[in-house]
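# Descriptive analysis of the structure
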Amino acid sequence: MTAVAPPAPPAAEPARIGGGLLDPRQLWKSLPDALRKLNPATLWRNPVMFIVELGALFTTALSIQDSSTFAWLITVWLWLTVLFANLAEAVAEGRGKAQAATLRRARQETVARRLVDWAPGQSAPREETVDAVMLRQNDVVVVEAGQVIPGDGDVVEGVASVDESAITGESAPVIRESGGDRSAVTGGTRVLSDRIVVKITQKPGESFIDRMISLVEGASRQKTPNEIALNILLAALTIIFLLAVITLQPVAIFSKAFQGAAPDTLVIDEHGVTGIVLVSLLVALIPTTIGALLSAIGIAGMDRLVQRNVLATSGRAVEAAGDVNTLLLDKTGTITLGNRQATQFLPIGGVAPGELADAAQLSSLADQTPEGRSIVVLAKNEHGLRARDEGVIPSAEFVPFTAETRMSGVDLPGEGGAPARRIRKGAAAAVMRWVRENGGHPTEEVGGVVDGISATGGTPLVVAEHTDGQPARALGVVHLKDVVKSGMRERFDAMRRMGIRTIMITGDNPLTARAIAEEAGVDDFLAEAKPEDKLALIRHEQEGGRLVAMTGDGTNDAPALAQADVGVSMNTGTSAAKEAGNMVDLDSDPTKLIEIVEIGKQLLITRGALTTFSIANDIAKYFAIIPAMFAAVYPSLDGLNIMRLSSPESAITSAIIFNALVIVVLIPLALRGVRYRPSSASALLSRNLLVYGLGGIAAPFAGIKVLDIAIVQFIPGIS
Amino acid sequence: MSTTVAGVFFVLSLVLFVALAYRYFGDYLFRVVTGTRHSAAERLLYRLVGVNPAGEQSWPAYARSVFAFSLLSLLFLYGFTRLQSKLPLSLGFPGMSPHQGWNTAASFVTNTNWQSYAGESTLGHLVQMSGLAVQNFVSAAVGIAVSVALVRGFARNRTEALGNFWVDLTRIVLRVLLPVSIVGAIVLIAGGVVQNLSGGTDVTTLAGATQHIPGGPVASQEVIKELGTNGGGFYNANSAHPFENPTPWTNWIEIFLILLIPFAMPRVFGRMVGDKRQGHAILAVMAILAVASVILVNTFELLHNGTVPNSVNAAFEGKEVRFGISNSATFGAVTTLTSTGAVNSFFDSYTALGGMVPMVNMMLGEVAPGGVGSGLYGLLMLAVIAVFVAGLMVGRTPEYLGKKISAREIKFASLYFLITPAIVLVGMATAMATKNKDTMLNVGPHGFSEVLYAFTSAANNNGSAFAGITVNDQWWDTATGLCMVIGRFLPMVFVLALAGSLARQRPVPASAGTLPTYRPLFIGMVVGVVIILIALTFLPVLALGPLAEGL
């Protein structure tokens with residue numbers, strides 16, 4: 001066990017920009033970007049909004065040609081519709097830009113001290129100074145306290161504490177050392193103490209920070225598979241409504257001619273429905289709400305991950321996280337606290353509990369392992385035995401644990417008449433042998449207690465003493481067990497409700513593994529797991545069509561991370577692991593995987609919910625616009641005006657204003673994502689259908705009616 | 001028994017028997033399309049045609065077979081109608097004009113049976129029997145075959161094979177359509193439908209005039225006209241003609257025959273994908289839409305709003321007294337809910353809103369229950385869209401029966417639901433923007449409804465008509481013929497392409513996170529998608545037609 005534990009800050013509070021709420025200032029700040037996005041050369045990528053922009057251009061021309069309050073009102077609101085859509089995207093990108101700016105500060109120009117012809121163990125290598133940008137893969141550099149690491153790489157010599165706050169936002173320094181799973185260093189971070197030799201693994205210009213910047217800025221954003229599919233559906237809907245509107249015109253001309261007595265209005269005349277109104281009908285019907293917010297939803301989803309200090313190398317990986325069927329979790333550090341802890345003293349043969357606790361504590365005073373510390377703490381908590389410092393008993397001689405003896409303990413010399421006393425604790429077989437060697441006779445009772453603890457997956461430590469002149473005897477057993485982190489069972493229950501199977505991976509024997517699996521509430525476990533077993537398990541799950549997510553940090557995890565559909569590597573891990581996975585958790589918190597899955601799901605749900613909302617909106621818009629268009633020709637069609645809107649012009653204007661405003665109103669929702677609680681698919685569907693389906697039908701009826709009343713009140717040219 | 005009670009009893013007894021047919025006839029159909037044995041007659045046919053019945057086809061091969069077969073049928077039928085005067089049993093009728101020949105051939109090959117001619121005064125017995133009736137069988141079988149291929153796409157994994165079109169076609173004709181038709185024809189003959197090869201009888205009427213009463217092989221054609229949801233009548237008056245549909249109980253039989261296969265297909269779907277609940281769900285969507293439609297047409301017709309119906313106190317214009325309002329309205333709803341297009345009353349004379357419902361039935365894409373085969377694949381394509389939106393809302397890449405619905409699948413489903421409305425709207429607008437609308441015999445909204453109905457019927461392969469326009473001139477024959485061919489075969493490409501892409505996939509195992517596609521919520525969602533996505537597209541044009549007239 002390494003002496004220094006990696007910092008594992010609780011990930012409850014995102015360390016970066018506060019997420020969720022939309023600051024109105026953000027809207028204002030993003031306005032220039034939104035205006036730039038009006039450029040048709042970029043807007044065409046969003047077919048729905050591109051059509052709206054073309055419509056707005058067309059109505060602008062019409063308004064100039066044949067000016068009226070109604071025409072200008074519609075034109076202005078059509079432009080606003082496009083602008084609001086751009087604004088949504090610009091705001092989403094703006095958050096990433098703020099993040100990128102922080103990162104850019106970390107990517108300062110540095111000078112590297114390159115070692116020429118370096119070989120391991122070389123005492124005085126030749127050194128030359130080069131610009132960091134000149135570094136190539138496999139160059140070797142030396143970095144000393146106070147210097148900035150010039151590029152991503154692996155420590156090949158030495159150990160140092162490194163300040164990685166520039167990328168993780170976490171101020172506590174971390175230890176980086178050669179060999180093992182904590183060898184990766186990131187360019188732009190600063191060495192605080194000592195000296196390390198680093199072998200550069202990045203290609204020039206492709207450092208981790210460079211990748212981070214382009215990711216959070218959305219520069220390299222590619223549409224994800226579901227987003228592409230949704231775009232196809234939206235394009236199809238746009239085409240069908242485009243056809244419905246265009247083909248309406250000959251019928252309108254025919255109808256107007258048939259009802260020759262009907263007066264010409266701003267809505268319909270002898271040439272059919274006016275261009276302004278046709279465009280209005282089209283914009284009202286095509287799915288503008290989701291079309292406007294779609295890319296903002298995607299960017300914000302990635303951003304939510306970044307706020308939780310997770311970097312995904314692609315949006316595809318985030319979506320895949322939502323689809324995950326199987327979650328592989330390492331036992332240690334993820335499900336359990338990472339170390340076995342003493343939970344109980346079980347005295348035997350009439351030994352007083354206090355006596356056993358005292359002996360156990362004495363033998364553990366010098367034991368710096370977490371297990372040893374936990375014995376000291378348990379004795380203090382349960383029996384009020386204050387931990388004595390090692391120095392308090394000056395002549396005590398501590399016997400360290402060795403793999404050979406499988407025991408540790410303490411030898412207390414006889415002082416002031418008291419006989420010398422030796423205490424040993426360790427594996428049952430080893431301690432029993434020691435008791436026998438020292439003239440004692442272990443009872444059956446010890447074996448029973450030991451077996452009982454083993455059967456529940458715990459680890460028994462037998463404590464024995466040998467006082468001079470007496471036979472050695474066993475005092476009792478300390479029950480060490482893996483402590484499952486609090487709240488894990490609930491999380492796994494939530495996973496199960498979401499339809500995700502959790503599998504615990506552990507190197508423990510099957511018996512121990514089963515006990516912990518049951519306590520933590522995971523669905524399955526893989527005991528005595530070797531890296532290749534992990535890979536085989538992932539392949540097996542994938543053969544069955546399941547998507548697998550896992551976390552890992554070691555180089556030997558790399559193949560499994562690469563094979564998994566979602567591979568989250570820990571920032572503390574090796575470069576190989578970071579390269580293999582498709583996400584990096586800067587907090588190095590393996591339980592983050594569960595949050596990642598939720599973010600992935602939330603992303604899809606937000607898209608689905610707003611699509612449903614957008615389509616459901618059409619019903620009310622039909623009832624506003626159709627009677628407004630044709631009631632002048634066929635008065636009976638006023639029967640469709642169930643909202644009793646005051647005039648055709650006001651009805652159409654209200655529908656268009658509602659259509660534009662609803663985008664702004666939904667920007668916060670698009671950025672934050674719809675509320676997500678782990679539950680079954682059926683429960684999610686009924687809730688979201690209720691809120692966004694029925695809500696989507698009802699909301700515009702109310703909104704359009706309110707706008708109609710307001711317009712009639714305040715805009716004289718319309719009623 | 002009042003007429004309304006009789007109408008309700010009529011509908012309820014149909015519902016009961018259709019439910020039984022779903023269960024038992026559906027199982028029979030399932031065995032036919034999944035069986036591995038070939039009868040002696042089938043083996044002989046395969047040897048004659050040179051087909052290896054064991055060889056399965058990928059989707060492009062399946063599609064090529066469908067189109068090759070249909071193209072051959074089209075050419076054959078075109079030749080038949082053009083050369084009729086030179087063939088036996090022509091009853092002295094001349095060949096059709098080129099455009100009418102094209103229209104008729106297109107119409108029968110596409111299972112539309114739009115008739116721009118009057119059967120009894122245009123076609124002789126040979127063309128009727130070995131031209132039209134044969135297409136009534138095989139065009140229906142083509143539809144069923146394509147739907148079975150789509151279901152195989154859902155049911156199979158990691159394969160290119162979607163079955164063998166020639167085997168599907170042969171089995172459906174020999175084991176399903178022929179036997180049921182033989183039994184059905186005998187029943188209809190017992191009910192008074194004529195069946196002979198007579199050239200007609202000249203009789204002297206009471207008033208002393210001479211009337212020519214044409215006879216012919218009616219029953220044999222009548223039964224497949226309904227069973228195969230074809231709809232092309234032997235007589236111009238179609239099922240309103242007493243020789244085609246003499247009594248209320250033959251009327252019941254004909255409606256039942258129309259509904260038999262379309263409503264049994266969801267059962268085949270459920271059985272083939274190994275989850276009967278999936279079949280029940282599709283059946284439920286069909287049934288909800290169908291029952292709503294039957295109730296609406298009945299209500300509008302029984303309420304008889306409108307100047308003339310109000311004054312005579314019933315909407316009886318264009319309806320047969322022997323059927324009454326309700327049995328006519330039910331037949332009208334059923335014939336447009338399926339792709340049949342047979343009529344026992346005259347839609348043009350329906351009340352404005354009563355006439356709108358059949359139009360909407362077709363606009364929905366005829367999915368409730370739709371044509372034989374085409375109804376099932378149409379609804380499954382829309383279910384894919386519903387699954388996609390619903391699937392996103394549960395936070396997963398949408399999947400239907402374990403198959404991921406991603407960009408490729410959505411592309412085909414979107415193109416599918418796009419194509420038919422596009423044909424209807426473009427055809428209708430072209431007619432209305434040109435002088436071709438001048439063949440309209442009515443004015444104003446009603447006149448427009450007739451044009452809209454014509455294109456809706458042609459593009460959706462229904463074949464019924466509002467009539468009221470002269471559609472046998474060159475432009476109309478050509479235009480509606482194109483609508484029928486494009487409206488039939490282009491969607492089939494997308495259906496088969498989707499089937500191919502589904503069959504290739506590795507299935508995703510179901511979990512609690514998987515959207516269950518058999519619960520009422522999902523059923524409601526599919527109904528919603530059908531209505532909001534499809535029907536609302538047509539609301540603007542409906543407003544200027546039947547709604548303007550009827551509100």
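This structure is a prediction, so every number in the text was calculated from the model and none was measured. (Residues numbered from 1 in each chain as written. Chains lettered and ligands numbered in written order. Predicted model: local features only at pLDDT ≥ 70, side-chain atom pairs only at ≥ 80, totals over all residues. Heavy atoms only, no water.)

Let us now look at the pattern of salt bridges. Residues and elements named next belong to chain A. Counted according to the given criterion, the structure contains 46 salt bridges over all chains. Residue Arg 308 pairs with Glu 595 through a salt bridge whose shortest N-O separation is 3.2 Å. Taken together, the residues Arg 308 in the loop between α10 (288–307) and β12 (310–312) and Glu 595 in helix α21 (residues 592–630) connect sequence positions 287 residues apart. Using a relative accessible area of 32% as the deciding quantity, one classes Arg 308 as partly exposed. Judged by its relative accessible area of 16%, Glu 595 falls in the buried class. (Salt bridge = Lys/Arg side-chain N within 4 Å of Asp/Glu carboxyl O. Helix = DSSP H or I, 4+ residues; strand = E, 2+ residues; numbered from the N terminus. Buried < 20%, exposed > 50% of the residue type's maximum accessible area, 1.4 Å probe, protein only.)

A few words now on the confidence of the model for chain A. A residue-level look at chain A finds 93% of positions with pLDDT of 70 or above and a mean pLDDT of 85. Note that residues 1–20 of chain A has pLDDT below 50 and, in this model, 35 contacts with residues that lie over four places away or in other chains. (pLDDT = per-residue confidence, 0-100. Contact = heavy atoms within 4.5 Å.)

Annotation of chain A at the domain level lists domain 1 (47–94 + 223–304 + 599–714), domain 2 (111–150 + 152–201), domain 3 (310–335 + 485–586) and domain 4 (337–483). Placing a centre on the C-alpha atoms of domain 1 of chain A and another on those of domain 4 of chain A gives a separation of 76 Å. (Domains from an automatic or database assignment.)

Let's shift gears to the sheet that holds strand β3 (residues 140–144) of chain A. Sheet strands pair via backbone hydrogen bonds, and the direction of the pair is either parallel or antiparallel. Strand order in the open sheet formed by 6 strands is β2-β1-β3-β9-β4-β7 (chain A), with antiparallel pairing between adjacent strands. Of all the strands in the sheet, just β2 (126–131) and β7 (184–185) of chain A have a single pairing partner and so form its edges. (Pairing = 2+ DSSP bridges.)

All names here are of chain B. Counted according to the given criterion, the structure contains 9 cavities of 30 Å³ or more. As for the largest cavity, its lining consists of 27 residues, of which Gly 365, Glu 366, Tyr 416, Thr 420 and Asn 460 are closest to the centre. Of all the secondary-structure elements, those providing two or more residues to the lining of the largest cavity are α13 (352–363), α14 (374–393), α15 (407–433) and α17 (474–504). Looking at the lining of the largest cavity residue by residue, the classes come out as 14 nonpolar, 11 polar and 2 charged. (1 Å grid on protein atoms, 1.4 Å probe; cavity = no way out; pocket = protein on both sides within 12 Å on 5 of 7 lines; lining within 4 Å. Points joined across faces, edges and corners; volume = space filled by probe spheres on them. Nonpolar A, V, L, I, M, F, W, Y, C, P; charged D, E, K, R; others polar.)

A few words on α10(A). Residues and elements named next belong to chain A. Counted at 1.5 Å a residue, the expected span for α10 with its 20 residues is 28 Å, and the 29 Å between its end C-alpha atoms agrees. Considering bend angle alone, the principal kink of α10 is centred on Leu 294 and spans about 40°. Positive phi appears at Asn 309, one or two residues downstream of α10, with a value of about 65°. (Expected span 1.5 Å × (residues − 1). Bend = angle between axes of the 7 residues up to and from the residue.)

With that settled, consider the UniProt feature "transmembrane region" (unreviewed entry) in chain A. The positions UniProt marks with the feature "transmembrane region" (unreviewed entry) are residues 43–64, 70–88, 228–253, 273–299, 619–637, 652–671 and 691–715 of chain A. Annotation note: span residues 43–64 of chain A, helix share 86%, strand share 0%, distance between end C-alpha atoms 24 Å. (UniProt positions renumbered as here; feature names shortened; annotations may be inferred.)

When two helices pack together, their arrangement is given by the angle between their axes and by how far apart the axes lie. Residue and element names in this part refer to chain B. Between helix α1 (residues 3–34) and helix α7 (residues 165–190), whose axes approach to 9 Å, the crossing angle comes to 150°. Regarding the angle of α1 to α7, the classification is roughly antiparallel. Judged by the sense of rotation from one axis to the other, the crossing of α1 with α7 is right-handed. Only Arg 171, Arg 175, Val 176 and Val 180 of α7 make contact with α1, whose side of the interface consists of Phe 25, Tyr 28, Leu 29, Val 32, Val 33 and Thr 34. (Axes fitted to C-alpha atoms, helices over the stretch in contact; angles between N-to-C directions. Parallel < 35°, antiparallel > 145°, perpendicular 65-115°, else oblique. Left-handed = near helix turned anticlockwise from the far one by under 90°.)

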